[in-house]
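Chain by chain, the residues:
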Amino acid sequence: PSALGSCEEPPFNTMDDNMIPKSRVRFTISCSKLRNKDTLSKSDPMCIVNVKTGNSEEFTFVGRTEWQRDNLNPTFRHKIDMDYTFETKQTLRFIIIDVDDPNNVPEKYVPHSKEGDLLGMGEVLMSSLMGSRNQTATLKLLAQKPGKDYGTVTINAEQIADDARPDDALVCHLFGRDLARKDGPLGKSDPFLVITRTTKQGQTQEVFKTEVVKQDLNPSWKPMRINVIKLCNGDLDAKFHIACFDWDRMSSNDLIGEVDCCVQDILDKKDLILVDPKKPAKNVGTICCDKASILRLPSFLDYLTEGVDLYLTVGIDFTLSNGALDDPTSLHYADPSGAWNAYQESIIAVGEVLLPYDKDGKVAVLGYGGGPQGGEGAK
């Protein structure tokens, strides 16, 4: 380790999948007034959930509920869990089928399959569902004959309480007690801490380093704020390593002692006994904690759940710095073929993600640096 390190968290070259901002949501699904497909009894419905992402044409399987016997108004007991990503367009498809053979319940929906007759299906954008009142949507089911009443499916979404989010941070205050002297019998140590974790690939990564406290065997370091994902990949019981060093100006730093612990140990304010690997029986001190908590910042879904109203506004720069309308390299180029220019593509790409959250569905478009066609233009 270097002689004096910063309290800032070091950058990492790669991003773990867990660092992508997302929330885990759970669907509760019910149906009303389903059509009866059975001759001597009522339909035995089951719901299959599929999703397609972005502009993909392919739906993938998410999950399915249980099937219910003789029920045209089922409330399914089995919930469906999936990831909700604010920045991504996610189209949900809810397929209701009538199970024909209880001993051969289909895992997925296959059109014209003998395993189940289609009762109807409905689609909704994840953004529309999450932006709706109480995160609830009721969809009219569609099937083979347009205009016919096939009943409805109602979906309620709720955020699952997770152990860790990408922005969660461990906030704590650590101090040392009775640390070993490393600068001779008359001198005191200049201690600092280095916190590291070991990846699944066996690599050691430095996560945090405290400041040096000069000439103190009972040091109190500044409060720490460490990202939980970087520290332990969100697992509060996963072990990481704390090493306590004595800083030396003229030579390499001396190890006072080290200890393995987890976030839960810090939250429980356990005393962490340092061990010198060269002299394991020797008492070299203790790392203690008097304040510790997990700092959680609200997610986008938290704001929606609490009733925040969103409005989409688009601003366009019409100045000539972006080029003339008849210049093919211009961001404002009016292509005779009708192809979108760079501004149009950006507005559509961003707008289709944000518009479902807009409270009134109306988009204010503002511009500057231009004038009406045929007018004098901007001055």
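Residues numbered from 1 in each chain as written. Predicted model: local features only at pLDDT ≥ 70, side-chain atom pairs only at ≥ 80, totals over all residues. Heavy atoms only, no water.

(A) Spotlight on the sheet that holds strand β10 (residues 191-198). Spatial strand order, β11-β10-β13-β14: four strands in an open sheet with antiparallel pairing. Edge positions in the sheet fall to β11 (204-209) and β14 (254-261), since each has one partner strand and no second. Strand-to-strand, the axes of this sheet are offset by a mean angle of 25 degrees, without reference to chain direction. (Pairing = 2+ DSSP bridges. Helix = DSSP H or I, 4+ residues; strand = E, 2+ residues; numbered from the N terminus. Axes fitted to C-alpha atoms, helices over the stretch in contact; angles between N-to-C directions.)

(B) Layout of the pattern of salt bridges. One pass over the full model with this rule turns up 11 salt bridges. Residues Asp 168 and Arg 296 are paired through a salt bridge, measuring 2.7 Å at the closest nitrogen-oxygen approach. Separated by 128 residues along the polypeptide, Asp 168 in the loop between β8 (152-159) and β9 (169-177) and Arg 296 in the loop between β16 (286-295) and α4 (300-305) bring together distant segments of the chain. Here Lys 239 makes a salt bridge to Asp 265, at a shortest N to O gap of 3.7 Å. On the criterion of sequence distance, the pair formed by Lys 239 in the loop between α2 (228-232) and β13 (240-246) and Asp 265 in helix α3 (residues 263-267) is long-range, its members being 26 residues apart. Residue Lys 239 is classed as exposed on the basis of its relative accessible area, which comes to 56%. The network of salt bridges with shared partners includes Lys 239, Asp 265 and Lys 270. (Salt bridge = Lys/Arg side-chain N within 4 Å of Asp/Glu carboxyl O. Buried < 20%, exposed > 50% of the residue type's maximum accessible area, 1.4 Å probe, protein only.)

(C) Spatial organisation of the sheet that holds strand β15 (residues 272-273). Here four strands make up an open sheet; going across it, the order is β12-β9-β16-β15 and the pairing antiparallel. Pairing within the sheet leaves two strands with one partner each, and these edge strands are β12 (224-227) and β15.

(D) Structural context of the environment of Val 350. The topology assignment puts Val 350 in helix α5 (residues 342-354). Sequence separation between Val 350 and Lys 89 is 261 residues; the distance between their C-alpha atoms is 9.9 Å.

(E) Structural detail: the packing of aromatic side chains. Scanning the model with the defined rule gives five aromatic pairs in all. Look at Phe 86 and Phe 300: their rings are 4.1 Å apart centre to centre, the planes differ by 40 degrees, and that puts the pair in the tilted class. Residue Phe 86 is found in the loop between β4 (80-84) and β5 (90-99), and its partner Phe 300 is found in helix α4; the two are separated by 214 residues along the sequence. Of the residues examined, Phe 86 reaches a relative accessible area of 23% and is grouped as partly exposed. According to the relative accessible area criterion, Phe 300 is partly exposed, its value standing at 25%. Pairwise contacts between aromatic rings join Phe 86, Phe 300 and Tyr 357 into one cluster. Over the ring of Phe 59 we find Arg 93; its NZ or CZ atom is 3.9 Å from the centre of that ring. (Phe/Tyr/Trp six-rings, centres within 6.5 Å; stacked < 30°, edge-to-face > 60°. Lys NZ or Arg CZ within 6 Å of the ring centre and 35° of its normal.)

(F) Quick peek at the pairing of strand β18 (residues 364-368). Taken across its five residues, β18 has zero buried, putting it largely on the surface. Pairing analysis gives five bridges linking strand β17 (residues 313-317) to β18, with the strands arranged parallel. For Ile 316, the partnering residue across the bridge sits in β18 and is Gly 367. Of the crossover connections in this fold, the one passing from β17 over α5 to the parallel β18 is right-handed. (Right-handed = clockwise from strand over helix to strand, strands pointing away.)

(G) Looking closely at unusual backbone geometry. Unusually for a residue other than glycine, Asn 233 sits at a positive phi of about 60 degrees. Here Asn 233 shows up in the loop between α2 and β13. One non-glycine residue with positive phi stands out, namely Lys 269, at about 60 degrees. Note on placement: Lys 269 falls in the loop between α3 and β15.

(H) Structural detail: α5. Compared with the 18 Å implied by 1.5 Å per residue over 13 residues, the 18 Å span of α5 between its first and last C-alpha is a close match. One side-chain oxygen at the N-terminal end of α5 lies 3.1 Å from the backbone nitrogen of Tyr 343; it belongs to Asn 341. (Expected span 1.5 Å × (residues − 1). Polar contact = N/O pair within 3.5 Å; in protein donor to acceptor, adjacent residues only side chain to side chain.)

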